[in-house]
Structures are given as structure tokens and as C-alpha cells.
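A closer look at the structure
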Amino acid sequence: MSSAPTDLCRHPIVQAPMAGGASGPQLAAAVAEAGGLGFLAAGYKTADGMYQEIKQVRGLTSRPFGVNLFMPQPDTADAAAVEVYRSQLAGEATWYETELGDPDSGRDDGYDAKLAILLDDPVPLVSFTFGCPTRDVLDAFARVGTQTVVTVTTAEEAQTAQWAGADAVCVQGIEAGGHQGTHRDNPETDGAGIGLLSLITQVRETVQIPIVAAGGLMRGAQIAAVLAAGADAAQLGTAFLVTPESGANPLHKQALTNPLFVRTELTRAFSGRPARGLVNRFMREHGPYAPAAYPQVHHLTSGLRKAAAKAGDAQAMALWAGQGHRLARELPAGQLVEVLAAELAEARAASAGDASGIPGTPGTPGTPGTPGGAA
């Protein structure tokens, strides 16, 4: 069995590609330099914008990194429902003194242009979200030496990815922050996602390709747990969101550990697709009425979210976060990788000791954010 994409990094730790500005060159390079696998998020960027960031990463590190692409979306949105939602958001636009966006700004996210660049000037790894590419596309990447990963949320999606020729799957549990990477957006299944540990087992018994596990992971012991369950690597997003290298808005970073935001929920309020974020005013007021219309709703609310951020109002921002957000540690990205790797090693050693009947050595009390210390 191939061990892709763990061949590309020293530690089985992958930094999630978080679209919207968080996963930029500085974060990807810092993670790669520390022995993890850094990722650029190409979603919501132009093809040229993606290429410029790739060049920046190459200038910051010689280590392997990945680029994530959004799959083009089918035109299944109800235009009338989108217009009704536009009317409901009119008061928000007035309050923030901005215009609502054009819902028909595009559904393909520049997919073909990005493919052309990545095939002409290959990177080590490309992953895909919101669907599975065709075998022709995956074969084309294989010919230029690029490994491919497809995000999946069910065993059936994982099987589709394996049949199409993907090198690995990123198995995303319901605990994950940001958008659920379902291949089909079905409103009837909202909130019916599977927890990560159960999903890993289902996928492991369905496909033979490597698994990257994602969803609520914030500590090395959790990484050890998903590896023991059958994953080959762990992908963390929220954990890296608060690092200095993250391009996330400072208000977003602060909100992750702010007692004002006590829980997360899946919502369509900001983008028209289910995504997990901190519950705020906008989510409470508009989530129940948001249509299943991605990326139309994303385009519609884009200006609102930017205006709210500019006004310093986190209550109308998309505060994407996984269920483990309160465990976030404000460490430099490279140091966070090292801490996670040390925690993973400690958890594995303790597990090995238990298995052999030899008591594991308890962690030495230390300062918060260090292995053996308080979380």
C-alpha cells in the first residue's frame, strides 16, 4: 500500500487548506519547514493569484507542499430562493453600508485555468474539495508526478475517489470546521454527517488507498487515536488558524477562545453550503432561512462579511471553527507542529507501554501548550 501523502513529510501532520485567506504562503512554508505538510488554499483565488502564492512558498521553503482546489458546482440552486434570501439580507447591507454581491459571479472557481497551471508547473500534491475529478484529470497529475487527494465524507465517496485514481482520500468527520466536503449538496442530509472515528473505520474497510483524517483534531493524542483507527496522517485546520502565520482576521482568531462564542453549528447562512462555524448573530438570524445555493450565497454575502470585519464586528463574520476550537494554542506554526509531534510520540509510547503491560511514563507537569503540560 502506498503511504502517500506521508512520503512528503517527516510527521503525519497535515495543515488543512483553509480558503478565505488563512492558508497562505507563510503558514504553508512554516508547517513544511517544521516537518509537517503545508497547504495552500486556492479556493476563492484567481488562477494567477494561486500561482503567485505557489511561487512565494517556493521562495520560503524547498520542502514539499500541497494546493487545494474547489470542484466546479452543478447549477442546482433555486434562483427564486436566492432572491428571497437577498431580500432578507437587505437590512444587513444597509447596516454595514455595503452592497450585496452578485450571486451569479461564477460556479467553477477558475477550475480549468488552475488545472492548466498545476499541470504545466507541478507541485508535489493537489487535493480536491466538493467532488471528485475525472480519471483523466487524476491520470494527468500522475503523469507529471503530482500526488492527488480527494476530500470525502462517506465510504461511498471514498470508493468513488479510489475508482477515479486518487492516491489518497481526506476523510472529513462531522466535527470539522469550515465547509463539509460532500460530493453532492443534499439539504435532506444536513447535520447527518458521520463522526471521524466511525468514518475512518468505514472508509478503511472500503478502500485500500491511504487515509488522511480531518475533523476536530487539536492535540497529539487525538492524532495518535486516528492513526490507531486506521488513518495514515491527520489534518488539522482550526489548530493552525490562530498561529501568527495564519492569514485569518484577528477577530476570527480571538473568537476561537473567546467565552462569548460557546459552541459551533453547521450553517448555510454565509455560503449556501453546510459549514461549521462559531454561532454568532448572523448565523442565528439567517441560518434557518438560507437556501441550498453554493456558491451563489457565498457571492451574495461576501461584501457583507468583509464590511463586518472592517467594522470590527465578529457577529456578522463567518467564524469557521471545528468542534475543538477551545483547545486552540497561540503558538508559531512551526512550534505547533513540534508540540503536536511530541504529544503524538508521548501518546504512542504510553499506548505501547499499556499493550506490553509496562506502565507508561506519565507526562511531566509543564506550562500550557507543552507536551505533558496543561492544555
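Residues numbered from 1 in each chain as written. Predicted model: local features only at pLDDT ≥ 70, side-chain atom pairs only at ≥ 80, totals over all residues. Heavy atoms only, no water.

The next thing to look at is the overall build of the chain. When helices and strands are counted, the chain shows 14 helices and 11 strands. Taken against the 2.2 N^0.38 rule, which gives 21 Å for 375 residues, the C-alpha radius of gyration of the chain at 20 Å falls within 12% of a compact globule. Buried positions account for 54% of the 375 residues belonging to the chain. Taking all contacts inside the chain whose residues are at least 6 apart in sequence as the whole, residues at least 24 apart take part in 68%. Surface exposure of the chain reaches about 15,500 Å², of which carbon and sulfur atoms provide 52%. Averaging the coordinates of the 26 positive side-chain charges in the chain and doing the same for the 37 negative ones gives two points 4 Å apart. (Helix = DSSP H or I, 4+ residues; strand = E, 2+ residues; numbered from the N terminus. Rg over C-alpha atoms; globule rule 2.2 N^0.38 Å. Buried < 20%, exposed > 50% of the residue type's maximum accessible area, 1.4 Å probe, protein only. Contact = heavy atoms within 4.5 Å. Areas by Shrake-Rupley, 256 points an atom, 1.4 Å probe, with all protein chains shown as cover. Lys, Arg positive; Asp, Glu negative; His and termini not counted. Charge placed at Lys NZ, Arg CZ, Asp CG, Glu CD.)

A separate point is the nonpolar core. Residues Val67, Leu69, Phe128 and Phe240 are the most contacted members of the largest nonpolar core, which totals 97 residues. The greatest single-element share of this core, amounting to seven residues, is contributed by helix α14 (residues 333-356). Discounting residues that sit within four places of it in the chain, Phe240 has contacts with Ile13, Val14, Gln15, Met18, Leu27, Val31, Ser246, Ala333, Leu336, Val337 and Leu340. Formed by 12 residues, the second largest nonpolar core is a distinct cluster that contains Val14, Phe39, Leu125 and Cys170. (Core = buried A, V, L, I, M, F, W, Y, C linked by side-chain atoms within 4.5 Å.)

What follows covers the sheet that holds strand β7 (residues 178-179). One open sheet accounts for three strands, arranged β7-β11-β10; its pairing is antiparallel. Each of the sheet's edge strands pairs with one partner strand only, and the pair in question is β7 and β10 (264-267). Relative to strand β11 (residues 275-278), β7 runs antiparallel, the two sharing two bridges. Within β11, the residue paired with His179 across the bridge is Ala275. (Pairing = 2+ DSSP bridges.)

Further remarks concern the pairing of strand β9 (residues 233-236). Judged by which residues are buried, β9 turns out to be covered on both faces: Ala233 and Gln235 on one side and Ala234 and Leu236 on the other are all buried. Here strand β1 (residues 13-15) runs beside β9; their pairing, made up of three bridges, is parallel. Paired with Val14 across the strands is Gln235, a residue of β9. Looking at chain direction, strand β8 (residues 211-214) and β9 are connected through three bridges and run parallel.

Looking now at the side chain of Arg219. Among the secondary structure elements, Arg219 is positioned in the loop between β8 and α9 (220-228). A polar contact of 2.8 Å, which involves the side chain of Arg219, links it to the backbone oxygen of Leu327. (Polar contact = N/O pair within 3.5 Å; in protein donor to acceptor, adjacent residues only side chain to side chain.)

All right, on to unusual backbone geometry then. Residue Tyr294 is joined to Pro295 through a cis peptide bond whose omega torsion reads 10 degrees. Looking at where Pro295 falls in the secondary structure, it is placed in the loop between α12 (281-286) and α13 (296-310). Positive phi values are uncommon outside glycine, yet Tyr44 reaches one of about 70 degrees. As for its position among the elements, Tyr44 is in the loop between β2 (38-41) and α2 (47-60). Under the relative-accessibility criterion, Tyr44 is labelled partly exposed at 31%. Phi angles above zero are rare outside glycine, and Asp109 is one such case at about 55 degrees. Examined against the element boundaries, Asp109 turns out to sit in the loop between α4 (90-95) and α5 (111-120).

Here we take up the packing of aromatic side chains. For any pair of aromatic rings, the description rests on two quantities: the centre-to-centre distance and the angle between the ring planes. Evaluated as defined, the whole model comprises six aromatic pairs. Summarising the aromatic geometry, the rings of Phe70 and Phe130 are spaced 4.9 Å apart at their centres and angled 45 degrees between planes, so their arrangement reads as tilted. Taken together, the residues span a long stretch of sequence, with Phe70 in strand β3 (residues 65-70) and Phe130 in the loop between β4 (125-129) and α6 (135-143) at a distance of 60 residues. The exposure class assigned to Phe70 is buried, which follows from its relative accessible area of 8%. Among the aromatic residues, those joined into a cluster by ring pairs are Tyr44, Phe70, Phe130 and Tyr294. (Phe/Tyr/Trp six-rings, centres within 6.5 Å; stacked < 30°, edge-to-face > 60°.)

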